[in-house]
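# Structure at a glance
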Amino acid sequence: MKILFDTNVLISAIITPGLSAEILDHCIVNHSVITSEYILEELREKLNLKFDYTESEAMAAVHIIRKQSIVVKHKMLPMPISRDPDDDNILAAAVAGECDFIVTGDKDLLVLKEYQGIPILTPRGFKNAMGF
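Residues numbered from 1 in each chain as written. Predicted model: local features only at pLDDT ≥ 70, side-chain atom pairs only at ≥ 80, totals over all residues. Heavy atoms only, no water.

## Considerations on unusual backbone geometry
Condition: By definition, any uninterrupted DSSP run of H or I lasting at least four residues is a helix, any uninterrupted run of E lasting at least two residues is a strand, and each is numbered from the N terminus. Only protein chains enter the calculation, and the probe is 1.4 Å; a residue is then buried if its accessible area is under 20% of its type maximum, exposed if over 50%, and partly exposed in between.
Of note, the phi angle at D52 is positive, near 55 degrees, even though the residue is not glycine. Locating D52 in the fold gives a position in the loop between α3 (37-49) and α4 (55-67). Assessed through its relative accessible area of 68%, D52 is described here as exposed. The phi angle at K113 is positive, at roughly 70 degrees, despite the residue not being glycine. Take K113: it is sitting in the loop between α6 (107-110) and β5 (114-115).

## Here we look at the side chain of S36
Quick note on the threshold: We call two residues in contact whenever any of their non-hydrogen atoms come within 4.5 Å of each other.
Counting through the fold element by element, S36 comes out in strand β2 (residues 32-36). The residues touching S36, leaving out its near neighbours within four places in the chain, are V71, V72, H74 and A93.

## Quick word on the environment of Y115
In this fold, Y115 is placed in strand β5. Owing to a relative accessible area of 11%, Y115 belongs among the buried residues under this scheme. In this structure, the C-alpha to C-alpha distance between Y115 and I102, residues 13 residues apart in sequence, is 9.2 Å. When sequence neighbours within four positions are dropped, the list of residues in contact with Y115 reads L77, I81, L91, V95 and I120.

## So, the packing of aromatic side chains
Applicable threshold: Between the rings of Phe, Tyr and Trp (Trp by its six-membered ring), a pair exists once the centres lie within 6.5 Å; its type follows the angle of the planes, with under 30 degrees stacked, over 60 edge-to-face, and the other angles tilted.
Counted by the stated rule, this structure contains 2 aromatic pairs. Judged by centre distance (5.2 Å) and plane angle (75 degrees), the rings of F101 and F126 are edge-to-face. Within this pair, whereas F101 is found in strand β4 (residues 101-103), its partner F126 is found in helix α7 (residues 123-130), the two being separated by 25 residues in sequence. Of the two residues examined, F101 and F126, each falls in the buried class. Ring centres 6.4 Å apart and planes at 75 degrees place the aromatic pair F126 and F132 in the edge-to-face group. Accessibility expressed as a relative area gives 0% for F126, which makes it buried.

## A closer look at helix α2 (residues 19-30)
Rules: In this scheme, a helix's expected span is set at 1.5 Å multiplied by one less than its residue total.
Between its terminal C-alpha atoms α2 stretches 16 Å, which fits the 16 Å expected from 12 residues at 1.5 Å a residue. Here α2 has its buried residues at S20, A21, I23, L24, H26 and C27. In this structure, the buried side of α2 is in contact with β1 (2-5), α1 (7-15), β2, α4 and α7.

## Brief notes about the pattern of salt bridges
Just so we agree on the cut-off: Each salt bridge in this description consists of a side-chain nitrogen of Lys or Arg and a carboxyl oxygen of Asp or Glu lying within 4 Å of one another.
Within the structure shown, the criterion is met by 7 salt bridges. Among the salt bridges present, the one from E55 reaches R44, with a minimum N-O distance of 3.1 Å. With a gap of 11 residues between them, E55 in helix α4 and R44 in helix α3 connect regions that are remote in the sequence. In this structure E55 comes out as partly exposed when scored by relative accessible area, which is 36%. Through salt bridges with shared partners, a single ionic network connects E41, R44 and E55.

Written as structure tokens, this is what we have:
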């Protein structure tokens, strides 16, 4: 299966041990993790600006995620879908990567429930759906 993790889940997995880290580790070992340059850049930026990571620490975290993921190129969606236009980049990456799931904590994405047949779940919802 192919799973795309939104930036907020990746940050949670990197910063604290817990559910997001457990799910990311499981998916790296058992499935394909899909990401995009948009997500990786947002990850670097947020780690650096919001979580006081140095630029080199943030880049190291991005490098690890990049090595363990398939990075897809995506085109913008033909029309806005999410209440937050930035979240359309997540949806577009999931479509480009032919993902089976999007895992996020973002309410603007979660309210959609699915996009083009791709379920959008919280980390807990994903773990429950996968049964691990």
